[in-house]
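Reading the structure
So the chains spell out like this:
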Amino acid sequence: MLGRCLAGVVLAAAASSVEAGAWTQKKGRAQVILKAEVMRARDGYDSSGRTVPMPAAREDRAVGVFAEYGVTDRVTLQFKGDWQSGEDAFVDYQGRGPAEIGLTWQAWRDDRTAVSLYAGYAIAGEGRNAGYAAPGVGDQDWEVRASVGRSFGDGQGWADRLMPGQAFVEVQAARRMRDGLPDETRADFTVGSRFGQGWMVLGQAFGGVTDDAGPRWLSVETSVVRDLGSWSLQAGWRRTVAGRETPLAEGPVVAIWRRF
């Protein structure tokens, strides 16, 4: 159960990319996540990484879906897409965001640790295909990603004593090859722990840098997840904490998960 939830959490919270969790779905099992977010920015990071006022306030809204299905116990098929709208000093836009499909292969797993590899293909839309780019810029993307996850709890080791109950840590590294936009290197980190009856708290960080000393970003997010049988509700807040040539955006993220 913890592994299935982790795969969904990491994907639900990601702002701009499909990110394959280390724990794959069981064969024949599926999960669908509906997510909504509103990100607002009045300041941005300049080419030196300093915070400066933007010409006008910027707002980006998105309603998206993420779905995954266990083709086998070690291979999971994934899809992500969204509908976007927003405005800034230069443009008022709405339209489909990037649509991505991919496969996660679980290379290794034991009772506590999982290692997975992901490959995906995305076709650009009329919305923002990258958070730092203008709407509609970009063509198609390929991404490869490696994920390593470790669960804790109910043991006698130092990590189990530090994170009692059911807890996990996951680290991901990715390379995104783009047409029409610079290629990117990304790294994500997630830590979470269950508490009470059917509750989970998450802390996440999402970072990336483009080639040729272009835009870079680091965002952090905290959220709480409530399990209700085969459904889960998630509510959180995301904020950009560092960057270059990218907005300093923050706002709420809410999601509904359904497991089958």
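The preceding data block contains the structure.
**Description of the overall build of the chain**
- Of regular secondary structure, the chain possesses 2 helices and 13 strands.
- Sequence separation of 24 or more characterises 57% of the internal contacts of the chain that already satisfy a separation of 6 or more.

**Topic: a nonpolar patch on the surface**
- Judged by side-chain polarity, Y69, V71, L77, F79, I101 and L103 come together as a nonpolar surface patch covering roughly 500 Å² of accessible area.
- Going through the elements one at a time, β3 (75-87) and β5 (99-109) are the ones with two or more residues in the nonpolar patch.
- Topologically, Y69 is positioned in strand β2 (residues 51-70).

**As for the pairing of strand β12 (residues 231-244)**
- With 13 bridges connecting them, strand β11 (residues 216-228) and β12 associate as antiparallel partners. Looking across to β12, one finds that V225 is bridged to Q234.
- Counted between consecutive antiparallel strands, the loop separating β11 from β12 contains 2 residues, among which G229 sits at a positive phi close to 70 degrees.

**Quick look at the nonpolar core**
- The biggest cluster of nonpolar side chains holds 11 residues, and these are A22, W23, I33, F66, A114, F168, M200, L202, V225, A255 and W257.
- Elements that contribute at least two residues to this core include exactly β10 (199-210) and β13 (246-259).
- The next biggest cluster of nonpolar side chains, apart from the first, holds 5 residues, and it includes A130, Y132, A133 and L181.

**So, the packing of aromatic side chains**
- Tallying each qualifying case throughout the model produces 3 aromatic pairs.
- Taken together, a centroid distance of 6.2 Å and an interplanar angle of 25 degrees make the contact between F195 and W199 stacked.

**Considering the side chain of D227**
- With respect to the helices and strands, the residue D227 is situated in strand β11.
- Polar contacts involving the side chain of D227 include one to the side chain of R194, which spans 2.8 Å.

**What about the side chain of R244?**
- Counting through the fold element by element, R244 comes out in strand β12.
- For the buried R244, no salt bridge exists, and the shortest N-O distance to an oppositely charged side chain is 5.2 Å, to E245.
- In terms of polar contacts, R244 uses its side chain to reach the backbone carbonyl oxygen of G214, at 2.8 Å.
- Leaving out residues up to four positions away in the same chain, R244 has contacts with Y45, D46, S47, G49, V209, A213, G214, P215 and R216.

**Here's the deal with unusual backbone geometry**
- Within the chain, A213 stands out as a residue other than glycine whose phi angle is a positive 55 degrees.
- Mapped onto the elements of the fold, A213 is located in the loop between β10 and β11.

**Considering the pairing of β2**
- The sheet contact formed by strand β1 (residues 30-45) and β2 spans 15 bridges and is antiparallel. Counterpart to E37 in the pairing with β2 is A62.
- Bridging between β2 and β3 involves 12 bridges; their strand directions are antiparallel. Note that in β3 the partner of G70 across the bridge is T76.

Here is what the cut-offs are and how they apply
- Residues numbered from 1 in each chain as written.
- Predicted model: local features only at pLDDT ≥ 70, side-chain atom pairs only at ≥ 80, totals over all residues.
- Heavy atoms only, no water.
- Helix = DSSP H or I, 4+ residues; strand = E, 2+ residues; numbered from the N terminus.
- Contact = heavy atoms within 4.5 Å.
- Patch = residues over 30% accessible without salt bridge, like charges linked within 9 Å, V, L, I, M, F, W, Y side chains within 5 Å.
- Areas by Shrake-Rupley, 256 points an atom, 1.4 Å probe, with all protein chains shown as cover.
- Salt bridge = Lys/Arg side-chain N within 4 Å of Asp/Glu carboxyl O.
- Pairing = 2+ DSSP bridges.
- Core = buried A, V, L, I, M, F, W, Y, C linked by side-chain atoms within 4.5 Å.
- Buried < 20%, exposed > 50% of the residue type's maximum accessible area, 1.4 Å probe, protein only.
- Phe/Tyr/Trp six-rings, centres within 6.5 Å; stacked < 30°, edge-to-face > 60°.
- Polar contact = N/O pair within 3.5 Å; in protein donor to acceptor, adjacent residues only side chain to side chain.
- Lys, Arg positive; Asp, Glu negative; His and termini not counted.

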